[in-house]
Amino acid sequence: MSTELQSELVQAVELRRNFAIISHPDAGKTTLTEKLLLYGGAIHEAGAVKARRAQRKATSDWMAMEQQRGISITSTVLQFEYRHCQINLLDTPGHQDFSEDTYRTLAAADNAVMLIDAAKGLEPQTRKLFEVCKLRGIPIFTFINKLDRPGREPLELLDEIEQELGLQTYAVNWPIGMGDRFKGVFDRHKQQIHLFERSAHGSREARDTIVELTDPRIEDQLEQSLYYQLKNDLELLDGVGPELDLQLVHEGKMTPVFFGSAMTNFGVELFLKYFLDYALKPGSHYSSVGEVPPTYPEFSGFVFKLQANMDPKHRDRVAFIRVCTGKFEKDMMVNHARIGKIIRLSRPQKLFAQERESIDVAYPGDVIGLNNPGVFAIGDTIYTGQKLEYEGIPYFSPELFASLRNPNPSKSKQFQKGVAELREEGAVQIMYSTDEAKRDPILAAVGQLQFEVVQFRLQNEYGVETILDLLPYSVARWVEGGWEALEKVGRIFNTTTVKDSMGRPVLLFRNEWNCQQLLGDHPELKLSAIAPVFS
Ligand code: GDP
């Protein structure tokens, strides 16, 4: 390998950080994203992300359904620079557009930022996304938001994270007051207080005055009670709390915690600085030839998301690829591991704030969007040099189920084709009844939007109008050991057995309680909430 390429790769990896934000709707993800971009110099006026979105909605006919619903179906990658680092923020669809794509995006992320509303603490969507991060063992950074509003006690919030997620916490900064009395944060590493001044609507970077804890002025600056509370809190944290252990952070066992207020811009830059220091750089990935380091000179990456119909005029599809090793160059020829063909990667795109811009090169930790004329499936590996294949992305436990019917027999062929193609694309999981007489596919999804996308696309692309009947299940579990293991158990109750698209048995339950009951009755039965993809 040329030493030039080697040093180029080493430097690219050294300067790259990639992360996704996991949060529950309304915790402030959009706001935090805007503020991060503001510091990154990518946009100069916070609010531009939303404004851009509104503008796009007004001017493009990009996806009719998206317009009708006024929501964003895509997840994009925001790239910005801060202190010479190249930061890739993988946007995880939240809100009503929560879907399996949200989970898959985490498969491409090296770090996660868990954003929590200080008044609410841990919320359901955050917990679910945390589980996926835990499965991958990626570092989790916690940002506790909305300190400018009354919220729960900081110590109580840390305790909740420790008890419920089993993560050790280390507060990197500590809030001084809360709500109207929020005065800023204390940086425990530098032993400095950051006093913040509210700026009008938080649209500019907040003025940030740094004062040493030993500074005699500090007692005047803070109300006395806040000053003593801070001293007490710090004694407690230093006394009983663990030290920051980066090894544990990188293994996903300890989370550095930051407090702030995204809206008024308190603590965001401090967070960003430490995040860059503590976060994992793009690392090795496990593959069919073992661990491959990012500086491996041949290019490789995997598809983690497919996006259809971004531009209805062109009916194009975009495959989002996480670059794992080597250097990507426009128009390069790569091998497609699953289908064994060589393809040219033309028209590569980098996605910035939903706008497409062509790119010439990309490095490990980056995400590229490739036009996909139907050759890619979720989990596909592309590579140059010696053959290698990444592990693939598992199916995640769906929570919504519906039977899908085609009432028009003359459309049967289109219906079958559409369902099969949408499944291959990963738009939805498809399961079937074990009763041969019941041929209607069962759609299994993580979010309601997936059903709507499937029905919308079946009608628009395949000309089939369908009827959806919701089914009363909320939990799916794959049976380890397959049919054989299931038969050994004999008759089971309060569950419906179906098969997934690979013919493997899946048990559907109305609720978690029924699932636990079955496990209690049959301890020999091993169930799994995820199933590996064998694409
Ligand atoms: P998302 O759903 O997670 O993307 O949340 P948004 O960023 O859209 O924020 C949800 C609401 O919370 C909006 O009304 C924001 O203005 C508000 N918000 C976000 N961050 C803060 C904050 O730090 N303090 C306060 N008071 N409100 C915030």
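Before reading further, recall that the structure is shown in the block above.
What counts as what
Residues numbered from 1 in each chain as written. Predicted model: local features only at pLDDT ≥ 70, side-chain atom pairs only at ≥ 80, totals over all residues. Heavy atoms only, no water. Helix = DSSP H or I, 4+ residues; strand = E, 2+ residues; numbered from the N terminus. Buried < 20%, exposed > 50% of the residue type's maximum accessible area, 1.4 Å probe, protein only. Contact = heavy atoms within 4.5 Å. Areas by Shrake-Rupley, 256 points an atom, 1.4 Å probe, with all protein chains shown as cover. Axes fitted to C-alpha atoms, helices over the stretch in contact; angles between N-to-C directions. Parallel < 35°, antiparallel > 145°, perpendicular 65-115°, else oblique. Nonpolar A, V, L, I, M, F, W, Y, C, P; charged D, E, K, R; others polar. Salt bridge = Lys/Arg side-chain N within 4 Å of Asp/Glu carboxyl O. Left-handed = near helix turned anticlockwise from the far one by under 90°. Pairing = 2+ DSSP bridges.

(A) Structural detail: the overall build of the protein. Within the protein one finds 15 helices and 33 strands. Within the span of the protein, comprising 535 residues, buried residues form 56% of the whole. Long-range pairs, those at least 24 residues apart, make up 71% of the contacts in the protein between residues at least 6 apart in sequence. When the accessible surface of the protein is split by element, carbon and sulfur atoms take 48% of a total near 23,500 Å².

(B) Region of interest: the packing of helix H2 (residues 29–39) against helix H11 (residues 268–278). One can describe the packing of H2 onto H11 by two numbers: an axis separation of 10 Å at closest approach and a directional angle of 70°. Considering the angle they form, H2 stands roughly perpendicular to H11. Contacts between H2 and H11 involve Leu-32, Lys-35, Leu-36 and Tyr-39 from the former and Val-268, Glu-269, Phe-271 and Leu-272 from the latter. Class assignment of the residues belonging to the contact of H2 with H11 gives a composition of six nonpolar, no polar and two charged.

(C) Representation of helix H5 (residues 100–107) in the model. Of all eight residues in H5, eight are buried, a share of seventy percent or more. When H5 is considered as a whole, its buried residues turn out to be Glu-100, Asp-101, Thr-102, Tyr-103, Arg-104, Thr-105, Leu-106 and Ala-107.

(D) Local environment of the pattern of salt bridges. This structure, assessed with the given rule, holds 22 salt bridges. With a shortest N-O distance of 3.3 Å, Glu-160 and Arg-152 are connected by a salt bridge. Between Glu-425 and Arg-457 there is a salt bridge; the shortest N-O distance is 2.9 Å. Of this pair, Glu-425 sits in helix H12 (residues 412–425) while Arg-457 sits in helix H13 (residues 448–462); the two residues are 32 residues apart in sequence, bridging distant segments of the chain.

(E) Seen up close, the environment of Met-114. Counting through the fold element by element, Met-114 comes out in strand E4 (residues 111–117). Judged by its relative accessible area of 0%, Met-114 is buried. It is 10.0 Å that separates the C-alpha atoms of Met-114 and Ala-27, two residues lying 87 residues apart in sequence. Dropping the residues within four chain positions of it, Met-114 is found in contact with Ile-22, Leu-122, Thr-126, Ile-140, Phe-141, Thr-142, Phe-143, Ile-161 and Leu-165.

(F) Here's a closer look at the packing of H12 against H13. Relative orientation of the contacting elements H12 and H13 amounts to 125°, with a least axis distance of 10 Å. When the axis of H12 is compared with that of H13, the two are oblique. Remark: the crossing between H12 and H13 carries right-handed chirality. Residues Gln-414, Phe-415, Lys-417, Gly-418, Val-419, Glu-421, Leu-422 and Glu-425 of H12 form the contact with H13, whose participating residues are Val-454, Arg-457, Leu-458 and Tyr-462. The class makeup of the residues in the contact of H12 with H13 is six nonpolar, two polar and four charged.

(G) Main features of the pairing of strand E15 (residues 317–325). Burial analysis of E15 places eight of its nine residues in the buried class, which makes it a mostly covered element. In this structure, strand E14 (residues 300–308) lies alongside E15, joined through eight bridges in antiparallel fashion. Looking across to E15, one finds that Phe-302 is bridged to Arg-322.

(H) Region of interest: the sheet that holds E4. Ordered in space as E2-E3-E1-E4-E5-E11-E6, the seven strands form an open sheet in which the pairing is mixed. At either margin of the open sheet sits one strand with a lone partner, and together these are strand E2 (77–82) and strand E6 (168–171). On average, adjacent strands in this sheet sit at an angle of 30° to one another, irrespective of strand direction. Contacts from helix H6 (residues 124–136) reach strand E1 (16–23), E4 and strand E5 (140–145) within the one sheet, and its direction differs from that of E1 by about 140°.

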